[in-house]
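Structural features, examined
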Amino acid sequence: MSETCCGPGAADDRGGADLGEDGRGERFWQVRELQYATVAAVLLAAGLLLGRAGATGVSAGLEIAGAVIAFLSFVPSAVIALVRHRYIGVGTLMTIAAIGAIALGQYAEAAMLGILFSVAEGLEHHAVTKTRRGLRALLALVPPSASVLRGGVETQVAPDDLRVGDVMVLRPGQRAATDGVIRTGVTSLDLSAITGESVPVEAAPGDEVHAGAINGGGAIEVDVTAPASDSSLARIVHIVEEAQERKGRAQRLADTLARPLVPIIMVLAGAVAGIGALVGDPMVWIERALVVLVAASPCALAIAVPLTVVAAVGAAGRQGALVKGGAALEELGRIRVVALDKTGTLTCNTPRVIAVLAADPVTEDDVLATAAALEVRSEHPLAQAILAASSSGPRVADDVTALPGDGIVGVLDGRRVRLGRPGWIGTEAFAEEVAGLQGRGATVVLLEVDGTVIGAVAVRDELRPEAAEAVERIAALGIETAMLTGDNMRTAHALAQQAGIAVVHADLRPEDKAALVETLAGGRPIAMVGDGVNDAPALATADVGIAMGAMGTDVAIEAADVALMGEDLRHLPQVLAHARRARKIMVQNLILAMLIIVVLIPPAAAGVLGLATVVFIHEAAEVLVILNAIRAARTVSLPGLATSTVGAGDAHYVTVGAVRTPDDACCSPSAPARGVTQTTGTTGRAGTTGPSSTGLLRIGPAAGGHDCDCCGDDHPVRGEEPACGDDPAVHSRGHDAAPPR
């Protein structure tokens with residue numbers, strides 16, 4: 001709320017269980033603003049009681065003392081921001097109203113204004129700090145130490161001391177401190193706290209182990225593949241903290257409405273005082289002008305959306321869904337159509353050979369061996385299924401060329417061999433059998449040698465067991481579903497029927513999917529769900545791109561607007577319902593914030609409502625907005641899915657990088673932000689230092705904070721405060737304290 005931008009120190013990432021991100025208390029009684037408000041309230045109550053007893057002098061003194069103490073939470077920073085940075089914002093309006101009330105002799109009203117404003121500030125700080133730390137508490141899944149083998153000796157090291165190439169020893173019940181690949185041992189891994197899926201995953205040598213995974217079986221040795229600070233878990237926290245800053249439509253609307261309000265309010269209050277003085281008692285109209293200042297202050301509007309986004313995005317992250325900021329969250333809440341890729345999304349992406357056809361005198365083994373010779377160097381899932389089914393020794397075809405969308409060609413023993421889809425290779429020899437296998441949901445590839453079809457291989461990727469339930473839950477939200485696949489129409493329809501999907505589009509290339517997304521939308525918001533790599537064009541075309549099974553896959557996390565860490569498709573309806581609820585909360589908060597301004601201004605200007613009444617109503621509305629926004633942090637997990645149970649106060653033992661913290665014009669030029677090279681400049685953008693040299697007075701927006709990179713339009717809330725500014729009077733609050741105003 002106040003015009004502060006940067007905190008006096010960097011956040012402590014290592015442990016302090018009860019501290020907020022900016023070093024202040026996370027519990028109510030540790031929040032500075034609430035401490036000021038409590039002391040001030042005691043003094044005000046004592047003053048009022050003594051006033052009734054007739055001790056008016058002492059009463060006035062106590063009321064003034066209570067007002068002064070309450071003012072300490074916002075007046076000093078507002079005054080210094082005005083003098084040093086030429087900045088006017090909400091805190092400035094409240095400071096003017098507070099000083100004016102004292103000047104008019106309304107000591108009790110002034111104290112009440114300071115107390116309620118401090119309470120609202122403190123609750124806002126507490127709410128934002130708690131939701132942010134709730135996400136970063138995922139790092140508490142990393143144990144305080146890890147066992148490693150160095151020089152043949154097992155030693156205990158801190159997670160930050162792990163190096164790529166170390167051999168980490170995981171005994172039953174222990175958590176992995178970072179990412180790695182199993183070297184020896186067979187076990188089951190509990191990934192529920194990371195992916196949101198409660199069923200353990202079997203793991204053997206060569207399988208990946210992610211940071212935070214619990215070893216549920218025998219002892220294993222793991223080759224470390226990433227430092228703890230760059231593990232998949234640390235990257236999730238870092239990406240979501242940055243994503244929380246991205247603004248959606250609701251936040252941009254709030255900014256558009258709130259930006260001009262501060263100067264307009266000052267002009268309005270001045271007009272009330274000036275015009276009223278000409279027609280009546282000047283003191284009466286000055287008092288009404290002060291009341292208008294408070295009534296029209298856009299405090300609630302400034303936090304209506306950012307706090308909801310912080311709470312909702314953090315809660316989704318704890319359920320294994322990375323939502324890339326407010327824009328993605330809002331769009332996700334508007335979705336009316338979901339297009340799903342078949343392979344790897346609706347299916348398990350573990351295809352297996354279910355039938356082999358051979359033309360006399362060729363045997364089934366010959367068909368598999370020849371097909372395997374073409375596919376031996378391919379990474380395609382169908383190729384892996386054919387190789388797994390072939391029992392012959394490794395043979396490699398020459399001059400192998402893959403033809404996307406059709407198949408693969410090569411030369412084996414001097415003969416030209418083709419393996420590919422029906423249509424590219426004629427099906428006359430096996431037409432009836434191919435149709436029957438496709439009707440059972442199998443993908444059929446034909447094998448041709450020197451122009452003669454000698455066999456066919458049927459491969460089926462089984463439908464995910466939870467796919468039908470997930471589609472049903474999506475439909476219950478009023479959202480239509482469609483399947484997009486490059487497979488043949490018979491196979492696609494067979495699987496779609498099992499999943500309960502009526503709209504099917506088959507034989508599609510990646511570029512066809514992207515074009516079809518717009519057609520399916522029909523002007524409605526649409527989401528595309530795929531693997532984040534092969535479906536990149538379609539993901540980019542859709543209003544929201546959703547990547548499935550993205551745990552440990554940087555490409556998928558970066559490419560999509562939403563990344564689902566787990567493999568359970570029920571995460572999709574869960575995150576859709578969560579986003580829809582969060583968007584409703586945003587709209588409710590915006591309506592309430594605007595309504596309170598519109599309703600309070602007329603009676604305040606007419607003198608119907610006094611300063612104390614307006615302050616009470618105004619700050620109560622703000623507290624209501626805060627409490628409503630916090631509701632976005634509540635989640636309900638579906639059966640079989642889990643939510644991380646780590647607490648916001650749990651200590652963590654791994655250091656992750658700070659969220660982007662470019663230097664800005666509202667921080668002291670003496671200490672540039674971390675990771676930013678100090679150069680000369682006056683724009684307030686990254687890489688510049690110091691306030692604008694124009695000397696102009698900056699009228700700051702009510703929402704979005706300072707007109708600078710760390711608090712401006714692109715960065716409403718920071719995940720971690722920059723190490724800039726050393727004056728605690730100016731920088732009394734960190735970015736994590738609240739969305740700046």
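How each quantity is defined
Residue numbers here run from 1 along each chain, matching the order of that chain's written sequence. Note on the predicted model: pLDDT of at least 70 is required for a residue's local features to be given, and 80 or more for side-chain atom pairs to be given and counted; whole-chain, interface and lining totals, by contrast, use all residues. Hydrogens are left out, water is left out, and the side-chain values use all remaining heavy atoms of the structure. Put simply, DSSP H or I for four residues or longer makes a helix, DSSP E for two residues or longer makes a strand, and each gets a number counted from the N terminus. Exposed residues in this analysis have more than 50% of their type's maximum accessible area, buried residues have under 20%, and partly exposed residues fall in between, with area computed by a 1.4 Å probe over protein chains only. Working rule for contacts: check all heavy atoms of both residues, and any pair within 4.5 Å makes them a contact. Here, Shrake-Rupley sampling with a 1.4 Å probe gives the accessible areas, and only protein chains in the shown set may cover a residue. A residue's pLDDT is the predictor's confidence in that residue, given on a scale from 0 to 100. Ring geometry is summarised as follows: Phe, Tyr and Trp rings, the Trp one being its six-membered ring, pair when their centres sit within 6.5 Å, and such pairs are stacked at plane angles under 30 degrees, edge-to-face over 60 and tilted between the two. Comment: the charge-over-ring label is applied if NZ (Lys) or CZ (Arg) is within 6 Å of the ring centre and within 35 degrees of the ring normal. Salt bridges are defined as contacts in which a side-chain nitrogen from Lys or Arg sits within 4 Å of a carboxyl oxygen from Asp or Glu. Remark: nonpolar core denotes a set of buried residues (Ala, Val, Leu, Ile, Met, Phe, Trp, Tyr, Cys) joined through side-chain atoms within 4.5 Å. Should DSSP find at least two bridges between two strands, the strands are regarded as paired. Here the axes come from fitting lines to C-alpha atoms, over the contacting stretch only for helices, and the angles between their N-to-C directions go from 0 to 180 degrees. Note on terminology: angles under 35 degrees are roughly parallel, angles over 145 are roughly antiparallel, angles of 65 to 115 are roughly perpendicular, and the others are oblique. Crossings are classed by handedness, with left-handed meaning an anticlockwise turn of the near helix from the far one by less than a right angle and right-handed meaning a clockwise turn. Polarity classes work like this: nonpolar for Ala, Val, Leu, Ile, Met, Phe, Trp, Tyr, Cys and Pro, charged for Asp, Glu, Lys and Arg, and polar for all others, with Gly in that last group. A helix is expected to span 1.5 Å for every residue after the first.

**Description of the overall build of the chain**
- Of the regular secondary structure elements, the chain holds 24 helices and 24 strands.
- A burial count over the chain gives 56% of its 741 residues as buried.
- Put simply, of all contacts in the chain between residues at least 6 apart along the chain, 71% involve residues at least 24 apart.
- Counting every atom, the chain has about 28200 Å² of accessible surface; 58% of that belongs to carbon and sulfur.

**Focus on the confidence of the model for the chain**
- Predicted confidence across the chain gives a mean pLDDT of 75, with 73% of residues reaching 70 or more.
- Scored below 50 in pLDDT, residues 644-653 makes 29 contacts in the model with residues more than four places away or belonging to other chains.
- This model gives residues 658-741 a pLDDT under 50, and the stretch forms 263 contacts once residues within four places in sequence are excluded.

**Some thoughts on the packing of aromatic side chains**
- According to the stated counting rule, one finds one aromatic pair in the structure shown.
- Taking 6.0 Å as the distance between ring centres and 70 degrees as the angle between the ring planes, the aromatic pair formed by Phe-71 and Phe-74 counts as edge-to-face.
- Residue classification places Phe-71 among the buried positions, given a relative accessible area of 11%.
- Classification of Phe-74 as buried rests on a relative accessible area of 0%.
- When the ring centre of Trp-285 is taken as origin, the NZ or CZ atom of Arg-288, which lies over that ring, is 4.4 Å away.
- Geometry around Trp-424 places Arg-418 over its ring, the cationic atom sitting 4.5 Å from the centre.

**A few points about the pattern of salt bridges**
- On inspection of all chains with the given rule, the structure shows 16 salt bridges.
- Arg-524 is the partner of Glu-480 in a salt bridge, and the nearest nitrogen-oxygen pair spans 2.8 Å. With Glu-480 in strand 19 (residues 480-484) and Arg-524 in the loop between helix 20 (510-521) and strand 21 (526-530), this residue pair connects regions lying 44 residues apart in the sequence.
- Given a relative accessible area of 30%, Arg-524 falls into the partly exposed group.
- A salt bridge links Asp-568 to Arg-570, with the shortest nitrogen-to-oxygen separation between them at 2.9 Å. Accessibility assignment for this pair places Asp-568 and Arg-570 in one class, buried.

**Digging into the nonpolar core**
- Counting residues in each nonpolar core, the largest one holds 59 residues, and the members touching the most others are Leu-329, Leu-332, Val-338, Ile-546 and Leu-572.
- When residues in this core are grouped by element, the largest group, nine residues, is from helix 23 (residues 571-606).
- Judged by nonpolar contacts, the second largest core, of 43 residues, contains Ala-110, Val-272, Ala-289 and Cys-299.

**Observations regarding the environment of Gly-333**
- Within the secondary structure, Gly-333 sits in helix 13 (residues 325-334).
- In this structure the C-alpha to C-alpha distance between Gly-333 and Ala-577, which are 244 residues apart in sequence, comes to 7.5 Å.
- When near neighbours in sequence (up to four residues on either side) are disregarded, Gly-333 contacts Ala-579, Arg-580 and Arg-583.

**A closer look at the sheet that holds strand 9 (residues 214-215)**
- Ordered by their spatial adjacency, three strands build an open sheet running 7-6-9, and the pairing between neighbours is antiparallel. Of all strands in the sheet, those with a lone pairing partner are strand 7 (201-203) and strand 9, marking the two edges.
- Where strand 6 (residues 187-190) meets strand 9, two bridges bridge the pair, whose relative direction is antiparallel. Opposite Asp-190, over in strand 9, you have Ile-214 as the bridge partner.

**Remarks on the packing of helix 15 (residues 364-375) against helix 16 (residues 381-389)**
- Between helix 15 and helix 16, whose axes approach to 9 Å, the crossing angle comes to 135 degrees. Of the possible angle classes, the one that applies to helix 15 and helix 16 is oblique. Considering only the axes of helix 15 and helix 16, their crossing is left-handed. Of helix 16, the residues touching helix 15 (which contributes Leu-368, Ala-371, Ala-372 and Glu-375) are Ala-383, Ile-386, Leu-387 and Ala-389.
- Taken together, the residues of the contact of helix 15 with helix 16 break down into seven nonpolar, no polar and one charged.

**Here we look at the sheet that holds strand 20 (residues 503-505)**
- Ordered by their spatial adjacency, seven strands build an open sheet running 11-23-22-21-12-19-20, and the pairing between neighbours is mixed. Looking along the sheet, the strands with just one partner apiece sit at the ends: strand 11 (321-323) and strand 20. On average, each strand axis in the sheet is inclined to that of its neighbour by 20 degrees, with strand direction left out of account.
- Alignment of strand 22 (residues 544-547) against strand 23 (residues 562-564), held across two bridges, turns out to be parallel. Bridge pairing in strand 23 links Ile-546 to Val-562.

**Focus on the pairing of strand 5 (residues 180-184)**
- Pairing of strand 5 with strand 8 (residues 208-209), which is carried by two bridges, proceeds in the antiparallel orientation. When the sheet's bridge partners are listed, Gly-180 is paired in strand 8 with Val-209.
- As paired elements, strand 5 and strand 10 (residues 220-224) share four bridges and run antiparallel to each other. The residue of strand 10 that forms the bridge with Ile-182 is Val-222.

**Quick notes on the packing of helix 18 (residues 467-476) against helix 23**
- At a minimum axis distance of 8 Å, the contact between helix 18 and helix 23 shows a crossing angle of 20 degrees. Judged by the angle between their axes, helix 18 and helix 23 are roughly parallel. The interaxial crossing formed by helix 18 with helix 23 has left-handed handedness. Listed contacts from helix 23 to Ala-470, Arg-473 and Ile-474 of helix 18 are Leu-572, Pro-573 and Leu-576.

**Some thoughts on helix 12 (residues 306-318)**
- In a regular helix each residue adds 1.5 Å, so 13 residues correspond to 18 Å; helix 12 covers 19 Å between its end C-alpha atoms and thus fits that length.
- The element helix 12 is largely enclosed, with a buried count of 13 among its 13 residues.
- Gly-320 occupies a position one or two residues after helix 12 and carries a positive phi of about 85 degrees.

**Points about unusual backbone geometry**
- In the segment running from Asp-360 into Pro-361, the intervening peptide bond is cis, with an omega of 0 degrees.
- Position of Pro-361 among the secondary structure elements: in the loop between strand 13 (352-358) and helix 15.
- Here Asp-399, not a glycine, exhibits a phi torsion of approximately 50 degrees, which is positive.
- Positive phi, close to 55 degrees, is recorded for Asp-413, a residue that is not glycine.
- If you trace the backbone, Asp-413 turns up in the loop between strand 15 (407-412) and strand 16 (415-420).
- The exposed category is assigned to Asp-413, whose relative accessible area is 61%.

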